Amino acid sequence: MGVVVVKNKLKVYRAMHSLTQEQLADKIGVTRQTIIAIESDKYLPSLGLAFKMAKLFKVAIEDIFIYEKKGAEDED
Amino acid sequence: MDRKKYKKLRVVVTFFVGAIVTLAVVRNSYLLATAGVLTGMVFMILVRAKAKIRTDEREKTIQEKAANLTYAIFAPTLGIGAFLLLLPSKGGISVFRNGEWLYIESLGMVFAYLTLFLIVVYAISYNFLNRKYGGGGSEE
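All values derive from a computational prediction rather than experimental measurement.

1. Focus: the overall build of chain A
Here is step 1: On a plain count of helices and strands, chain A comes out with five helices and two strands.
Here is step 2: Element order for chain A, N to C, with α for helix and β for strand: β-α-α-α-α-α-β.
Here is step 3: Residues counted as buried form 16% of the 76 residues belonging to chain A.
Here is step 4: Taking the intrachain contacts of chain A between residues at least 6 apart in sequence as the baseline, contacts between residues at least 24 apart amount to 60%.

2. So, the overall build of chain B
Here is step 1: Looking only at helices and strands, chain B features five helices and zero strands.
Here is step 2: The linear arrangement of helices and strands in chain B, starting from the amino end, is α-α-α-α-α.
Here is step 3: Look at the contacts in chain B between residues 6 or more apart in sequence, and 53% of them connect residues 24 or more apart.

3. Some points on the environment of glutamate 62 of chain A
Here is step 1: In this structure, glutamate 62 of chain A sits in helix α5 (residues 61-64).
Here is step 2: Expressed as a C-alpha distance, the spacing of glutamate 62 of chain A and lysine 9 of chain A, which sit 53 residues apart in the sequence, is 9.9 Å.

4. Things to note about the confidence of the model for chain B
Should pLDDT be low for a region, the predicted coordinates there are not to be read in detail.
Here is step 1: The pLDDT averaged across chain B works out to 85; a share of 84% of its residues lies at or above 70.
Here is step 2: Two summary scores accompany this predicted model of the complex, namely pTM at 0.70 and ipTM at 0.79.

5. Brief notes about unusual backbone geometry
Most peptide bonds adopt trans geometry, and most residues besides glycine take a negative phi value.
Residue and element names in this part refer to chain A.
Here is step 1: For aspartate 41, which is not a glycine, the phi torsion comes out positive at approximately 55 degrees.
Here is step 2: Assignment of secondary structure puts aspartate 41 in the loop between α3 (32-39) and α4 (47-57).
Here is step 3: According to the C-beta neighbour criterion, aspartate 41 is exposed, with 12 such atoms within 10 Å.

6. Describing the nonpolar core
Note on soluble globular proteins: their nonpolar side chains tend to be buried together.
Here is step 1: Counting eight residues, the largest nonpolar core is built from Leu10, Leu24, Val30, Ile35, Ile38, Ala50, Met53 and Ile64 of chain A.
Here is step 2: Of all the elements in the fold, those that place two or more residues in this core are α3 and α4 of chain A.
Here is step 3: Setting aside residues up to four positions removed in sequence, valine 30 of chain A forms contacts with Ala25, Ile35 and Leu49 of chain A together with Asp56, Glu57 and Arg58 of chain B.

7. Let's talk about the packing of helix α1 (residues 3-27) of chain B against helix α2 (residues 30-51) of chain B
All names here are of chain B.
Here is step 1: Running from N to C, α1 and α2 cross one another at 170 degrees; their axes reach a closest spacing of 8 Å. Relative to α2, the element α1 lies roughly antiparallel. Residues Tyr6, Leu9, Arg10, Val13, Phe16, Val17, Ile20, Val21, Leu23, Ala24, Val25 and Arg27 of α1 touch α2, and the partners they reach there are Leu32, Ala33, Gly36, Val37, Gly40, Phe43, Met44, Val47 and Ala51.
Here is step 2: Taken together, the residues of the contact of α1 with α2 sort by class into 17 nonpolar, two polar and two charged.

8. What to know about the environment of lysine 27 of chain A
Here is step 1: Within the fold, lysine 27 of chain A resides in helix α2 (residues 21-28).
Here is step 2: For the pair lysine 27 of chain A and methionine 53 of chain A, spaced 26 residues apart in sequence, the C-alpha separation works out to 9.1 Å.

9. A look at the pairing of strand β2 (residues 65-70) of chain A
Residue and element names in this part refer to chain A.
Here is step 1: Judged by how many residues are buried, β2 sits mostly at the surface: zero of six residues are covered.
Here is step 2: Direction of pairing for strand β1 (residues 3-8) relative to β2: antiparallel, over a ladder of six bridges. The residue of β2 that forms the bridge with lysine 7 is isoleucine 66.

What counts and how
Residues numbered from 1 in each chain as written. Chains lettered and ligands numbered in written order. Predicted model: local features only at pLDDT ≥ 70, side-chain atom pairs only at ≥ 80, totals over all residues. Helix = DSSP H or I, 4+ residues; strand = E, 2+ residues; numbered from the N terminus. Buried ≥ 20, exposed ≤ 12 C-beta atoms within 10 Å, placed from the backbone. Contact = placed C-beta atoms within 7 Å. pLDDT = per-residue confidence, 0-100. Core = buried A, V, L, I, M, F, W, Y, C linked by C-beta atoms within 7 Å. Axes fitted to C-alpha atoms, helices over the stretch in contact; angles between N-to-C directions. Parallel < 35°, antiparallel > 145°, perpendicular 65-115°, else oblique. Nonpolar A, V, L, I, M, F, W, Y, C, P; charged D, E, K, R; others polar. Pairing = 2+ DSSP bridges.

Next up, the structure:
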């Protein structure tokens, strides 16, 4: 079994929508520290928060968050 | 009021309450200490409600982990402390036979009951939250 890593493109989408971390935080009801932590892959948001982000950027959750398995041989 | 101002205010109020409690200890006044702590608590609750300081999910996660870590450290420490304090009195060490240092045994008993209380509270809250979040439900 490999290690599951969830990466995200939040910074990219935030830049595409010309939002600062503070503005994004206000829009989805969290603190700026949380946005910083998510962008640097230090904190994995809840499903609810992920949906909020996806809805805000009008994309699917999978477009923002990428599920990866590392260190394992491909197993399905 | 933003979060930074709120944090600064919290530090100021904490120092203020600390100063009042110190003064109360020096003057041996329980009333002053109680009044100081209660005033500080009420003030902070009011400020927090008015400023609408939000606690987001990351902070809640941190609080949960910190509480878990505190329990994991505090319960064994208290339990071992109780055991070590109660052990000499059962071993028949002379100072205990003479009735001296009797408070050590009493302190050990207090620690032991505190450990028990902590474990019971943890078990009850664990069961309550387990039921609340759907654990232990009937299978279909």
